[in-house]
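Chains, contacts and geometry: an overview
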Amino acid sequence: MFYRCSSCGSNMVYNFNKKTLECLNCGNMDAPELLPATADGNCRNCGAPLEPGAYDIAGRCPYCGTYHVYEEKAVGEHAPVRIIPTTLTRIEAFRLLQKEFNDYICLVPEIFSEKRLNEVRTEYVPYWVFHYTVRMGYSGQLRESVHRGDETIIKTRHINFSFEAVMDNVPKDASDRMPDDIMDEVEPFHFSTVLDFRPEYLSGARAEYCNHPSQNYEKDAFEKMRAKALDLFCDKLLAAYPHSDLTEGDIRSRVQFNIVKQTCEFDLLPVYIYEYTMESGKKFTYYINGQTKEIYGSVPVSRLRMALGCAAAAAAFLGVAGIVNLVLILLGGAL
Ligand SMILES: [Zn+2]
Ligand SMILES: [Zn+2]
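Because the structure is a prediction, the values reported are computed rather than measured.

1. Focus on the pairing of strand E5 (residues 56-60)
In this sheet, strand E11 (residues 206-208) lies alongside E5 in antiparallel orientation, the contact comprising two bridges. Bridge assignment links Asp56 to a residue of E11, and that residue is Glu208. Where E5 lies against strand E6 (residues 67-69), three bridges are found, and the strand directions are antiparallel. Across the sheet, Ala58 pairs through a bridge with Val69, a residue of E6.

Dropping the structure here:
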């Protein structure tokens, strides 16, 4: 399905700042016409084949750029429950990359040039998000120093310390398309802005549902949650007995840990992606957390720019003849 402007017939995309669908062409924000997919799966706007990936629930026509939402696939266990809205537009995301990398003296200048502005894509990445209630307990002896007047008395006592903690919103990236290590880099996401899912939120983005069942991610999610819960437990226990010989190592080695309750759901979290392929075929991909603006990526190095930069820096020391030699060495005849 795609959302067509009732005024000019162009595509409407969702604007989270304005909380409405908006026409990219005329700015109209009135209710859209809803055009369902054609029976043969072609783009309802231009007629070209769409060929979405097996798990895709939203994407862009590669020919006319119209955003389609495949609502019929986002059902049952493949229906997202919540979505964290992006705080950026695609153009703002590109500007962030320019700001971050443009000052690199050895950057390949083409990579963030204005003509590539529209090549950033918005991706809603599927996550299994786990929620836990856990009970943690510590039982053991400690030595405590007690002050009485000028006297300090050391007392040994046995303690039983426990509490229950709610550890909500532990996300695990469940997309095969997104590299796990990079998704870890662009985290965290904050769930204070999360919304109940509505299909129109995906008009303007690419999205897919979770490729694998939540059980596949339980172990990793548990470890992720456990590390945070243990930090919390240590802080509380050490604060409760500030004059004791308890150490974090003692606590961590003796803590009893039980899950009281565990639930999980499929949520979509926003990431911007920009890809650049060098003439050599080497690909550089940039990721931006669509909520916190955290950036992940490295710059391809221009040997010419690097050589000229080094030559300029060396000018004061080597003189002109030296610079010529240095440039020739650095360029190595392979520009
Ligand atoms: Zn319009
Ligand atoms: Zn099309």
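2. Looking at the confidence of the model for the protein chain
Per-residue confidence for the protein chain averages 87 on the pLDDT scale, and 88% of its residues sit at or above 70. Mean pLDDT per element in the protein chain: helix H5 (residues 303-331) is the minimum at 58, and strand E7 (residues 82-83) is the maximum at 98.

3. Here's the deal with the nonpolar core
In terms of nonpolar packing, the biggest core is built from 65 residues, with Ala58, Tyr124, Trp128, Phe130, Leu202 and Tyr272 touching the most fellow members. Here this core gets ten residues from one element, more than from any other, and that element is strand E8 (residues 121-148). Residue assignment places this core across two domains, with domain 1 (1-73) and domain 2 (126-195 + 205-269) each supplying three or more. Here Leu202 is in contact with Ile57, Ala58, Val69, Tyr124 and Ala207, once residues within four sequence places are set aside.

4. Things to note about the environment of Arg226
You can see Arg226 is positioned in helix H3 (residues 218-240). Take Arg226: there are 18 C-beta atoms within 10 Å of it, and that puts it in the partly exposed class. Sequence separation between Arg226 and Val134 is 92 residues, and the spatial gap between their C-alpha atoms is 9.0 Å.

5. Let's talk about H3
In this model H3 runs 32 Å from its N-terminal to its C-terminal C-alpha over 23 residues, within 8% of the 33 Å that 1.5 Å per residue would give. When we look at burial in H3, the residues that qualify are Ala221, Met225, Ala229, Phe233, Cys234 and Leu237. On its buried face, H3 sits against E8, strand E9 (151-173) and helix H4 (248-254).

6. Notes on the environment of Arg90
Along the polypeptide, Arg90 turns up in helix H1 (residues 90-101). For Arg90, a count of 20 C-beta atoms within 10 Å translates into the label buried. Taking the C-alpha atoms as reference, Arg90 lies 8.3 Å from Leu117; in sequence the two are 27 residues apart. Excluding residues that lie within four positions of it along the chain, Arg90 makes contacts with Val120, Thr122 and Tyr272.

7. Quick word on H1
Between its terminal C-alpha atoms H1 stretches 17 Å, which fits the 16 Å expected from twelve residues at 1.5 Å a residue. On its buried side, H1 packs onto E8, strand E12 (256-277), strand E13 (283-289) and strand E14 (295-296).

8. Quick notes on unusual backbone geometry
For the bond running from Glu187 to Pro188, omega is 10 degrees, close enough to zero to count as cis. Within the element layout of this structure, Pro188 appears in the loop between helix H2 (180-186) and strand E10 (195-196). A positive phi is found at Asn169, a non-glycine position, where the angle reads about 55 degrees. Among the structural elements, Asn169 can be located in strand E9. Exposure remark for Asn169: the 19 C-beta atoms within 10 Å place this residue in the partly exposed category. At Lys293, a residue that is not glycine, the phi angle is positive and equals roughly 75 degrees. Take Lys293: there are 16 C-beta atoms within 10 Å of it, and that puts it in the partly exposed class.

Thresholds, definitions, all that
Residues numbered from 1 in each chain as written. Chains lettered and ligands numbered in written order. Predicted model: local features only at pLDDT ≥ 70, side-chain atom pairs only at ≥ 80, totals over all residues. Pairing = 2+ DSSP bridges. Helix = DSSP H or I, 4+ residues; strand = E, 2+ residues; numbered from the N terminus. pLDDT = per-residue confidence, 0-100. Core = buried A, V, L, I, M, F, W, Y, C linked by C-beta atoms within 7 Å. Buried ≥ 20, exposed ≤ 12 C-beta atoms within 10 Å, placed from the backbone. Domains from an automatic or database assignment. Contact = placed C-beta atoms within 7 Å. Expected span 1.5 Å × (residues − 1).

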